[in-house]
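One letter stands for each residue in the lines below.
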Amino acid sequence: MASLPELVKSLSVAFDGQDFDSCTKLLTPIKIELLKNNVFVPDFSNQSEVYYNDLNISKKILEIGALVSIYTLNFPSFQNYFDQLRPYYFGTNSSLSTSENKSKLISLYLLILLSEGDISKFHSELEYVDKHLPNLEDDEFLSYPIKLERWLMEGSYQKAWDLLQSGSKVPEFDVFTKTLMDAIREEIACNTQLSYDTLPLSNVKVLLFFNNEKETEAFALERGWSITDAMVTFLDETESDETEANSDLIVQSLDYAINLETIV
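Quick look at the structure, then. Worth saying up front: this structure is predicted, and the values here are computed from it rather than measured.

Attention shifts here to the packing of helix α2 (residues 20–36) against helix α3 (residues 49–71). Orientation of α2 relative to α3, taken along the N-to-C sense of each, is 145°, at an axis distance of 10 Å. Seen from above, α2 lies across α3 with left-handed handedness. Across the interface between the two elements, F20, C23, T24, L27, I30 and L34 from α2 touch S58, I61, G65, V68 and Y71 from α3. Of the residues contributing to the contact of α2 with α3, the split by class is eight nonpolar, three polar and no charged.

Below is the structure:
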């Protein structure tokens, strides 16, 4: 069997070459070797320089594992790697907590929680991170999920949509773009059918951020809405005490969207 240095070298080559299948295969024996050498989980009582150098190598390997999990869309695996990185990122040793990938990986974890709709865990995680890192919203990576979550909770769907549509400077973030866009459409669609009996198809297109009426028709029919003479009729599936509040929000959003289209 190859030695740990040989395995790590092969992992670096595979990762740099974006050979993520090979990375996945290499990570398992590497983690076994790290466990054998007692550097998988940091022991802060060991103060030797050699040991801390080994820990930094272990941290880099775990970060590669986390990023490979994102590229392969294996989010449970990412969360496992992120949990293993916590002692490094949030421990008492400042030299171990420093990493160029730290903010990016924390942001990716927050985006996973946001894309899964786990807002409660998102807030608790953000509160925890805030205790360890200053000025979160000034961080180029962390500001992205923070803004998205705030605008989604405020119902500022246009701002959230524009941020997603513009694309991020971090390719890994774009993995979540479609999921979050679909979530925005779903939320607006639910509020719309509670607030209106009918709407012109052209208005529904603008409201749901579609590029053309053909896409809008497909979405409407999938939800069970009917379309006659370019008018969409919504199903009245349920009564809600929140209808009036939702109606106010959706009317404001619709007015904004229609005015924006008129300007364009």
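A separate point is helix α9 (residues 157–166). Of the positions making up α9, those classed as buried are Y157, Q158, A160, W161, L163 and L164. Looking one or two residues past α9, G167 carries a phi angle of roughly 80°, positive in sign.

Turning our attention to the pattern of salt bridges. Evaluated as defined, the whole model comprises seven salt bridges. A salt bridge links D83 to R86; its shortest N-O distance comes to 3.3 Å. Of this pair, D83 and R86 both sit in helix α4 (residues 75–90), three residues apart, which is roughly one turn of the helix. A residue is classified by how much of its surface remains accessible, and D83, at 41% relative accessible area, is partly exposed.

Read from one edge of the open sheet, three strands run β1-β3-β2, paired in antiparallel fashion. Across the chains shown, the open sheet's two edge strands, defined by having one partner strand only, are β1 (198–200) and β2 (226–228). If you compare each strand with its neighbour and ignore which way they point, the axes differ by 25° on average. Judged from the three bridges that link them, β2 and strand β3 (residues 231–233) form a sheet pairing that is antiparallel. For S226, the partnering residue across the bridge sits in β3 and is T233.

Here the focus is the packing of aromatic side chains. Applying the stated criterion across every chain, the model contains 15 aromatic pairs. Where F20 meets Y71, the ring centres are 4.6 Å apart and the plane angle is 25°; that geometry is what we call stacked. Linking F20 in helix α2 with Y71 in helix α3, this pair joins segments that are 51 residues apart in sequence. Note on F20: relative accessible area 16%, which makes it buried. The class of Y71 is partly exposed, set by a relative accessible area of 32%. Each ring, one from F78 and one from F82, has its centre 6.1 Å from the other, and the planes form 15°; the classification is stacked. Residue F78 and its partner F82 are both found in helix α4; the two are separated by four residues, about one turn of the helix.

F78, L148, I184 and W225 are the most contacted members of the largest nonpolar core, which totals 80 residues. Ranked by the residues each element gives to this core, the list is headed by α3, at ten residues. W225 has contacts with A189, Q193, V204, L208, F219, A220, V232, T233, F234 and L235, leaving out every residue within four places of it along the chain.

Inspection of helix α12 (residues 213–222) places T216, F219 and A220 among the buried residues, and these make up the whole buried set. One side of α12 carries all its buried residues, which in axial view fall inside an arc of 100°. Turned more than 90 degrees from where α12 packs its buried face, K214, L221 and E222 sit exposed. On the buried face of α12, the contacting elements are α10 (177–195), α11 (201–207) and β2. Here α12 starts with a cap whose side-chain oxygen sits 3.2 Å from the backbone nitrogen of K214, and that cap is N212. Once α12 finishes, G224 follows within two positions and takes phi at roughly 90°, a positive value.

We now examine unusual backbone geometry. In this model, L73 sits at a positive phi of 60°, which is unusual for a non-glycine residue. Tracing the chain through its elements places L73 in the loop between α3 and α4. The exposure class of L73 is exposed, given its relative accessible area of 54%. In this model, A230 sits at a positive phi of 60°, which is unusual for a non-glycine residue. Inspection of the secondary structure puts A230 in the loop between β2 and β3.

Definitions and cut-offs
- Residues numbered from 1 in each chain as written.
- Predicted model: local features only at pLDDT ≥ 70, side-chain atom pairs only at ≥ 80, totals over all residues.
- Heavy atoms only, no water.
- Axes fitted to C-alpha atoms, helices over the stretch in contact; angles between N-to-C directions.
- Helix = DSSP H or I, 4+ residues; strand = E, 2+ residues; numbered from the N terminus.
- Left-handed = near helix turned anticlockwise from the far one by under 90°.
- Contact = heavy atoms within 4.5 Å.
- Nonpolar A, V, L, I, M, F, W, Y, C, P; charged D, E, K, R; others polar.
- Buried < 20%, exposed > 50% of the residue type's maximum accessible area, 1.4 Å probe, protein only.
- Salt bridge = Lys/Arg side-chain N within 4 Å of Asp/Glu carboxyl O.
- Pairing = 2+ DSSP bridges.
- Phe/Tyr/Trp six-rings, centres within 6.5 Å; stacked < 30°, edge-to-face > 60°.
- Core = buried A, V, L, I, M, F, W, Y, C linked by side-chain atoms within 4.5 Å.
- Arc of directions from axis to C-beta.
- Polar contact = N/O pair within 3.5 Å; in protein donor to acceptor, adjacent residues only side chain to side chain.

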